[in-house]
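Structural overview for review
The chain contents come next:
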Amino acid sequence: MFTAQEYRAEVAALVPPLPVVSRPLARCLGLVLAEDVTAGVSLPPFDNSAMDGYAVRAADVAAASAEHPVTLPVADDIPAGRVDVRPLAPGTAHRIMTGAPLPPGADAIVQVELTDGGTENVRIDAAVRQGLHIRRLGEDVAEGTVVLPAGTVLHPPQLGLAAAVGVGDLPVRRPPRVLVLSTGSELVAPGEPLPPGHIYESNSVLLAAAVEEIGGEATVLRFVPDDVERFRAAIAEHAADADLLVTSGGVSAGAYEVVKDALTGHGVDFVRVAMQPGGPQGLGRMDGLPVVTLPGNPVSAALSFELFVRPALLGALGHPVVDRPRARAKAAATMTSPANRVQYRRGRHDEGMVEVVPVGGPGSHLLASFAASNCLIEIPEGVVEILAGAEVDLILLD
Ligand code: AMP
Ligand code: MG
């Protein structure tokens, strides 16, 4: 019998770090940078204007005000992208656009709103201090510095920064390829007629989505009946280019436990974890392919993925943080729990709430309760009752 904590470490150890590949920026969202990115250019790469307006010497307009404007001849016009910028002669202004290079000799920008916008001569209605509206070379990034250290999670701002320093491809750990296989002779695909005694298959959709949510690539294998040969055949076809196989169902103590029957003696150990739901679990390597076998009840499968597989995949991707955020809150109702296992109840805890409201009971089939919750209430091993008003630990799911 493993504790949930121990089992989590077992699953993490099963999934090695994913290979580092070079990917175009557009395909890096959510992935983790595997090596430092050093800026090949400074940002800004040259002194430039932060405003549409006029480049001036501050001293030339020091006396300007609305009552006593100063008029200067406009000696040049500098759009963004211009490269042949001439120096600013004393007593003149250059019309300049945002992002255009600052002419040598200019030390301030007068924004166009404080002028008459003239193109031959410009009337300036306010004094400006030296340096106003000038963006200096390197004030954001100095060339040669590390702008994105290895281990950075690539959200939109980080991808934008990589592009801004001229990098088109990034070294990242590639997404894990996960095979998802549901088992059970009672299962029917959603959208099809439901014969008596059957249920709609939901685990593969949920698990594949959970893989994709963290940047993985899920391949859902057509779910198989409780038939060992068909189970093996379904896997054999896809095993070669997968990083992990996740199955659901067929691992508990009954008869017709297809996953157990097919994988026992083939590198997979079937074990019990001291938790509820999700006690029966299995893991190992089948011909080198890491395999995690989850119990079939939808909430058990979902929680097992959440607690064991998700952190393992995030770790393999190189994520610095693989845990969900936690919080503490007061239980809004009394809950009971088995003594010898950690129990995960589903709950609702919204921003600003002091309490957490349990959603539904402990049953592992209560998928609608799970879908209505946004956190897990963790009742530790050894605790058999949480009284209403007592503080509990939460794992925040979104
Ligand atoms: P098992 O672990 O195969 O005994 O399944 C436990 C319970 O979960 C049974 O009630 C199954 O019908 C249900 N179940 C198993 N797999 C799925 C699935 N893929 N989708 C929905 N329910 C499932
Ligand atoms: Mg089954």
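These lines cover the structure that appears in this document, whether it is placed above or below. Keep in mind that this is a model prediction, so the values were computed, not measured. (Residues numbered from 1 in each chain as written. Chains lettered and ligands numbered in written order. Predicted model: local features only at pLDDT ≥ 70, side-chain atom pairs only at ≥ 80, totals over all residues. Heavy atoms only, no water.)

Describing the overall build of the protein chain
Which entries qualify depends on this criterion: In this description a helix means any DSSP run of H or I spanning at least four residues, a strand means any run of E spanning at least two, and both kinds are numbered starting from the N terminus. All radius of gyration figures rest on C-alpha atoms, and the globule criterion is 2.2 Å times the number of residues raised to 0.38. Any pair of residues with heavy atoms lying within 4.5 Å of one another is described as a contacting pair. Here the Shrake-Rupley method, with its probe set to 1.4 Å, supplies the accessible areas, and only the displayed protein chains count as covering residues. In this charge count, Lys and Arg are treated as positive and Asp and Glu as negative; neither His nor the chain ends contribute. Lysine's charge is taken at NZ, arginine's at CZ, aspartate's at CG and glutamate's at CD.
Helix and strand content of the protein chain: 7 helices and 27 strands. Here the C-alpha atoms of the protein chain give a radius of gyration of 31 Å, more than 25% beyond the 21 Å that 2.2 N^0.38 yields for 398 residues. By principal-axis analysis of the C-alpha atoms, the protein chain measures approximately 95 × 50 × 40 Å. Relative to all contacts within the protein chain whose residues are 6 or more apart in sequence, the contacts with residues 24 or more apart total 70%. When the accessible surface of the protein chain is split by element, carbon and sulfur atoms take 54% of a total near 18100 Å². Here the protein chain holds 29 positive side-chain charges and 47 negative ones, and the gap between their average locations is 2 Å.

A short note on the nonpolar core
As a reminder, the rule being used: Definition of nonpolar core: a set of buried residues of the types Ala, Val, Leu, Ile, Met, Phe, Trp, Tyr and Cys, connected through side-chain atoms within 4.5 Å. Type-normalised accessible area, obtained with a 1.4 Å probe on protein chains alone, sets the label of each residue: buried when under 20%, exposed when over 50%, and partly exposed for intermediate values.
Counting 58 residues, the largest nonpolar core has L170 and Y344 as its most contacted members. At 12 residues, the largest contribution of residues to this core is made by helix 6 (residues 298-316). In contact with Y344, other than residues within four places in its own chain, are A4, M275, Q276, P277, L303, L307, L376, I377, E378 and I395. Counting 18 residues, the second largest nonpolar core, distinct from the first, contains L179, A234, L245 and L263.

Structural notes on a negative patch on the surface
Spelled out, the test is: Each patch is built from residues lacking any salt bridge and having more than 30% relative accessible area; the joining distance is 9 Å for like charges and 5 Å for nonpolar side chains (Val, Leu, Ile, Met, Phe, Trp, Tyr). Salt-bridge detection follows one rule: a side-chain nitrogen of Lys or Arg within 4 Å of a carboxyl oxygen of Asp or Glu.
A cluster of acidic side chains, namely E6, E10, D269 and E381, defines a negative patch on the protein surface. Mapped onto the elements, D269 comes out in strand 17 (residues 268-272).

Here's the deal with the sheet that holds strand 6 (residues 93-96)
The condition that has to hold: Any two strands with at least two DSSP bridges between them are considered paired. Lines are fitted to the C-alpha atoms to define the axes, a helix being fitted only along its stretch in contact, and any angle between axes, read from their N-to-C directions, falls within 0 to 180 degrees.
Pairing is mixed across the open sheet formed by 5 strands, whose spatial order is 7-4-6-5-8. The open sheet has two free edges, formed respectively by strand 7 (108-111) and strand 8 (121-124), since each of these has just one partner strand. The mean angle between the axes of side-by-side strands here comes to 40°, regardless of whether they run parallel or antiparallel. Direction of pairing for strand 5 (residues 70-78) relative to strand 8: antiparallel, over a ladder of 4 bridges. Note that in strand 8 the partner of T71 across the bridge is R123.

Re the sheet that holds strand 16 (residues 244-248)
Pairing in this open sheet of 6 strands is mixed, and the strands run 15-12-16-20-19-17 from one edge to the other. Each of the sheet's edge strands pairs with one partner strand only, and the pair in question is strand 15 (217-224) and strand 17. Pairs of neighbouring strands in the sheet enclose a mean axial angle of 20°, with direction left out of account. Sheet topology note: the strand 16/strand 20 (residues 289-294) ladder contains 4 bridges and is parallel. Along strand 20, the bridge assignment pairs L245 with V291. Of the strands in this sheet, strand 12 (177-183), strand 16, strand 19 (280-286) and strand 20 are in contact with helix 6, which crosses strand 20 at around 155°.

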